[in-house]
Amino acid sequence: QVQLVESGGGLVQAGGSLRLSCRASQTSTTINAMGWYRQAPGKERELVAMITTAGATNYADSVKGRFTISGDNAKNTVNLQMNSLKPEDTGIYFCTAWIAMYGRNYWGEGTLVTVSS
């Protein structure tokens, strides 16, 4: 079982920055990718950004150029630097880890990001 612990959410004004961090508990099984999804009120959960252990990244179009994802394979951590935040970035941000051997994602409990206008 993989446990994910997020930190770094909060309240920020539009145009500001936040940094989210997530750490996965130690596991003997290789984590193949980590990243972030978000869910706004009344909306479905959506991809924000993912990074593989090889360093390949994938971003939602809405955050390209503003958000940067980075990871540390040795520490099983992933960070999301969010700049130029907009009110529409508001939501609960969930850390996720993909383990190909198990064919599933593991999820953190989420951290709230609120961007005021």
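Please read all numbers here as calculations on a predicted model, not as lab measurements.

Broken down by element type, the protein chain carries 0 helices and 11 strands. Its helices and strands in sequence order give the protein chain the pattern β-β-β-β-β-β-β-β-β-β-β, from N to C terminus. For the protein chain, whose C-alpha radius of gyration is 14 Å, the value lies close to the compact-globule estimate of 13 Å for 117 residues. Its C-alpha atoms give the protein chain principal-axis dimensions of roughly 45 × 25 × 20 Å. For the protein chain, with 117 residues in total, the buried portion stands at 40%.

Burial along strand E3 (residues 18-24) is one-sided: the residues Leu18, Leu20, Cys22 and Ala24 are buried and none of Arg19, Ser21 and Arg23 is. Pairing between strand E1 (residues 4-7) and E3: 4 bridges, direction antiparallel. Within the sheet, the bridge partner assigned to Leu4 lies in E3 and is Ala24. Pairing between E3 and strand E8 (residues 77-82): 6 bridges, direction antiparallel. For Leu18, the partnering residue across the bridge sits in E8 and is Met82.

What follows covers the nonpolar core. Membership of the largest hydrophobic core comes to 29 residues, with the highest contact counts inside it found for Leu4, Met34, Trp36, Leu80, Met82 and Tyr93. For this core, the elements supplying multiple residues, two or more each, are E3, strand E4 (33-39), strand E5 (46-52), strand E7 (67-72), E8, strand E9 (91-99) and strand E11 (111-116). The contact partners of Leu80, leaving out residues within four places of it in the chain, are Leu18, Arg19, Leu20, Trp36, Val48, Ala49, Phe67, Thr68, Ile69 and Tyr93.

What counts and what doesn't
- Residues numbered from 1 in each chain as written.
- Predicted model: local features only at pLDDT ≥ 70, side-chain atom pairs only at ≥ 80, totals over all residues.
- Heavy atoms only, no water.
- Helix = DSSP H or I, 4+ residues; strand = E, 2+ residues; numbered from the N terminus.
- Rg over C-alpha atoms; globule rule 2.2 N^0.38 Å.
- Buried < 20%, exposed > 50% of the residue type's maximum accessible area, 1.4 Å probe, protein only.
- Pairing = 2+ DSSP bridges.
- Core = buried A, V, L, I, M, F, W, Y, C linked by side-chain atoms within 4.5 Å.
- Contact = heavy atoms within 4.5 Å.

Nothing here speaks to function; it is all geometry.
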